[in-house]
Amino acid sequence: MPNLSFLGGAATVTGSQYLLETSRARILIDCGLFQGLPNESIRNRVPPPYDPKTLDAVVLTHAHLDHCGALPLLVKQGYPGPIYATMPTIELAGLVLLDSGRLHEEFAKREARWERRHPDKVAADDAREEHDYEAAIELAHTGDDLPHMVTLVAPAPGSAATGEHVATSIEPHPSGAAAMPDPEAAMRPAPPPLTVDLDAPLYTEDDAAAALPHFRPVRYGRSIEVAPGITATFDDAGHILGSAIIRLTVQDAEGGPEQHFVFSGDLGRRDAPILRDPTRETTADYVVCESTYGGREHDPQDEAVRILAETVHLVQQANGVLLVPSFAIGRTQEVVWQLDRLLEEGRIPQLPLYLDSPMASKATAIYKSHPEVYDAETRRLFDSGATPLDYPTQHVTNDVRDSQAIERAARPYLIVASNGMLTGGRVVGHLRFLIDDPDATILFVGYQGKGTLGAHLQAGATTVMLDGQARQVRCKVRSISGFSSHADEPQLLDWLGSFAAGRQPGSDGFPRTVFLVHGDPEAQAALEPKVAALGFTVHVPKWHERVVLD
């Protein structure tokens, strides 16, 4: 029987990685990095519960680091096979992975410099890192006190109304059975023992470069056999350029019955600019669906645009600065698109705009080279000779000295800088300069991960730690959720509802189980009962949980 292991994106928003195994093949769906707090990112050091040399293929939904960022590590550990993705994803992933390798090298050098300056603190710091690593290893094995392996079983007759037990599609093993032997375990090679240097780079720029030749392009809507008995089809997810929903047709044994899986990847929101809406899927046996915005609803698009225009006017009136922390791929392009439209419509003054992200500049060039995936409005603008991905008075600052010089520019002006959660990058340098300036405004336009500096500011913190020092927050802080590249809860439910339309549980094409992944526990707790209300059996997997699919 096929089985599915949730090796990332389980009860957390990052690190997406799912291992699908059959009697004939083993493939990964995504291979992302954990990001954010130290107790999350330390999970990147945990050895995988499989030997990368035994994998047949990797299928990649999109080029964000939390979905593709561990690919260089996979190849470094011996993975020999192909990585299937759309062509825009391959081009963007090349940017992201090479940059990530450089950053890991820089982090390691910074750590070494810190240790040389603080020899008295090295032992305690190493002990903390080792403790976090051991805790991550333990969590990977225990699954947060839940059975590490569960088995999917066919629904049994029963009626919830009469109190009779109705077996769900996912049932824990009976008490004590969690330790029962896995009959396939002996057939799977154990991962090689690893000696982990927690201060070394996770991987280098050269490691990232070594992963790039493994990519193989696929087109939307085309089916391709990626491994024996496993056929993949990539559909448009509308999240970022090239993002995909992946449909898998799986045949465990040659000539046997087929099972159908749908992995949502990250779903974009409907009616967003530049890209097409997410593809509506209608049939599956199992659905693995993101849940980032469970329990939340975005501002309507018109309201989001109104707030953006209002904020630009407020900055002009204050002779101040607007700082927009924005992810380099997807969010930056949309913010520029909206500013360009507002300017064209005469709704905002033409203030200078500094685009302070070399990666965003390169990503925009890739966006411009793929008009075939634009929505109708953006394609019409390009065909008419307009430049909706460029702002008329934008200044692209690729050199770090030009970035540092922005603070001396004549006000008022706008800055769009990476990264979107204020966890690093050039945007933090601007924040140092603006945090205590009452004429400055920080405008958040996307998701802020739990525990990040961005989340603290968004929640109304009046004091934050920057460079180890407490700083008073005197700048204005505003947020717009309508520019998120993720579908919100109503849109997630609407997308999932397409699987139930005209069908009853147990009928052909009606999912046996919907797995909720890529979300914080609070978001998943909010979304789970609403998905169940659509008639689906819902399961929220834990990290490293493995389910056997009947």
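Scroll up a little and you will see the structure.
About the thresholds
- Residues numbered from 1 in each chain as written.
- Predicted model: local features only at pLDDT ≥ 70, side-chain atom pairs only at ≥ 80, totals over all residues.
- Heavy atoms only, no water.
- Helix = DSSP H or I, 4+ residues; strand = E, 2+ residues; numbered from the N terminus.
- Rg over C-alpha atoms; globule rule 2.2 N^0.38 Å.
- Buried < 20%, exposed > 50% of the residue type's maximum accessible area, 1.4 Å probe, protein only.
- Contact = heavy atoms within 4.5 Å.
- Areas by Shrake-Rupley, 256 points an atom, 1.4 Å probe, with all protein chains shown as cover.
- Lys, Arg positive; Asp, Glu negative; His and termini not counted.
- Charge placed at Lys NZ, Arg CZ, Asp CG, Glu CD.
- Core = buried A, V, L, I, M, F, W, Y, C linked by side-chain atoms within 4.5 Å.
- Expected span 1.5 Å × (residues − 1).
- Axes fitted to C-alpha atoms, helices over the stretch in contact; angles between N-to-C directions.
- Left-handed = near helix turned anticlockwise from the far one by under 90°.
- Patch = residues over 30% accessible without salt bridge, like charges linked within 9 Å, V, L, I, M, F, W, Y side chains within 5 Å.
- Salt bridge = Lys/Arg side-chain N within 4 Å of Asp/Glu carboxyl O.
- Pairing = 2+ DSSP bridges.

### Examining the overall build of the protein
Turning to step 1, where the next piece is worked out: When its secondary structure is counted, the protein shows 15 helices and 24 strands.
Turning to step 2, where the next piece is worked out: For 550 residues, the compact-globule estimate of 2.2 N^0.38 gives 24 Å, and the C-alpha radius of gyration of the protein, at 24 Å, lies within 12% of that figure.
Turning to step 3, where the next piece is worked out: Per-residue burial over the protein gives 54% buried out of 550 residues.
Turning to step 4, where the next piece is worked out: Sequence-distant contacts in the protein: of pairs separated by 6 or more residues, those separated by 24 or more amount to 75%.
Turning to step 5, where the next piece is worked out: Element-wise, carbon and sulfur atoms account for 53% of the exposed surface of the protein, whose accessible area totals about 22800 Å².
Turning to step 6, where the next piece is worked out: Measuring between centres, the 47 positive side-chain charges of the protein sit 5 Å from its 74 negative side-chain charges.

### Description of the nonpolar core
The tendency in soluble globular proteins is for nonpolar side chains to be buried side by side.
Turning to step 1, where the next piece is worked out: In terms of nonpolar packing, the biggest core is built from 83 residues, with Leu20, Ile27 and Leu248 touching the most fellow members.
Turning to step 2, where the next piece is worked out: The greatest single-element share of this core, amounting to six residues, is contributed by helix α4 (residues 87–117).
Turning to step 3, where the next piece is worked out: The contacts of leucine 248, once residues within four sequence positions are left out, are Leu20, Ile27, Ile29, Ile230, Thr231, Ala232, Gln259, His260, Phe261 and Phe263.
Turning to step 4, where the next piece is worked out: Ile307, Leu322, Ile348 and Tyr391 belong to the second-largest nonpolar core, a separate cluster that totals 25 residues.

### Comments concerning the environment of lysine 121
Turning to step 1, where the next piece is worked out: Following the sequence through the fold, lysine 121 ends up in the loop between α4 and α5 (122–142).
Turning to step 2, where the next piece is worked out: Once the C-alpha coordinates of lysine 121 and valine 226 are considered, the two residues, 105 residues apart in sequence, prove to be 49 Å apart.

### So, helix α7 (residues 301–317)
Turning to step 1, where the next piece is worked out: Compared with the 24 Å implied by 1.5 Å per residue over 17 residues, the 25 Å span of α7 between its first and last C-alpha is a close match.
Turning to step 2, where the next piece is worked out: Taken residue by residue, α7 has Ala304, Val305, Ile307, Leu308, Ala309, Thr311, Val312 and Val315 as its buried positions.
Turning to step 3, where the next piece is worked out: Among the structural elements, β14 (321–325), α8 (331–344), β17 (413–417), β18 (440–444) and β21 (476–479) are those in contact with the buried residues of α7.
Turning to step 4, where the next piece is worked out: At the C-terminal side of α7, asparagine 319 shows a positive phi close to 50°.

### Considering the packing of helix α14 (residues 489–500) against helix α15 (residues 521–532)
Turning to step 1, where the next piece is worked out: Two elements in contact, α14 and α15, have axes whose closest approach is 11 Å; the angle formed by their N-to-C orientations is 35°. Our pair here, α14 against α15, has a crossing hand that is right-handed. Packed against α14, whose contacting residues are Glu489, Leu492, Leu493 and Leu496, the element α15 presents Ala526, Leu527, Lys530 and Val531 at the interface.

### Details of a positive patch on the surface
Turning to step 1, where the next piece is worked out: The grouping of Lys109, Arg110, Arg113, Arg116 and Arg117 at the surface amounts to a positive patch.
Turning to step 2, where the next piece is worked out: Assignment of secondary structure puts arginine 110 in helix α4.
Turning to step 3, where the next piece is worked out: Looking at arginine 110, the relative accessible area reads 45%, which means it is partly exposed.

### Let's talk about the sheet that holds strand β9 (residues 223–227)
Turning to step 1, where the next piece is worked out: The strand order across the open sheet built from seven strands is β9-β10-β11-β12-β13-β22-β23, with neighbouring strands paired in mixed fashion. Looking along the sheet, the strands with just one partner apiece sit at the ends: β9 and β23 (538–539).
Turning to step 2, where the next piece is worked out: Judged from the four bridges that link them, β9 and strand β10 (residues 230–236) form a sheet pairing that is antiparallel. Bridge pairing in β10 links glutamate 225 to threonine 231.
Turning to step 3, where the next piece is worked out: Of the strands in this sheet, β11 (244–251), β12 (258–263), β13 (286–290) and β22 (513–517) are in contact with α14, which crosses β13 at around 170°.
Turning to step 4, where the next piece is worked out: Helix-sheet contacts for α15 involve β22 and β23, and the interaxial angle to β22 is about 165°.

### Some points on the pattern of salt bridges
Turning to step 1, where the next piece is worked out: Tallied over the entire structure, the rule returns 28 salt bridges.
Turning to step 2, where the next piece is worked out: Where aspartate 207 meets lysine 76, a salt bridge forms, and the shortest distance between an N and an O atom there is 3.6 Å. Of the two residues, aspartate 207 is situated in helix α6 (residues 205–211) and lysine 76 in helix α3 (residues 71–76); the sequence distance between them amounts to 131 residues.
Turning to step 3, where the next piece is worked out: With its nearest N and O atoms 2.7 Å apart, the salt bridge here joins aspartate 356 to arginine 426. In this pair, aspartate 356 is assigned in strand β15 (residues 353–356) and arginine 426 in helix α12 (residues 426–434), connecting sequence segments 70 residues apart.
Turning to step 4, where the next piece is worked out: For aspartate 356, a relative accessible area of 1% corresponds to the buried category.

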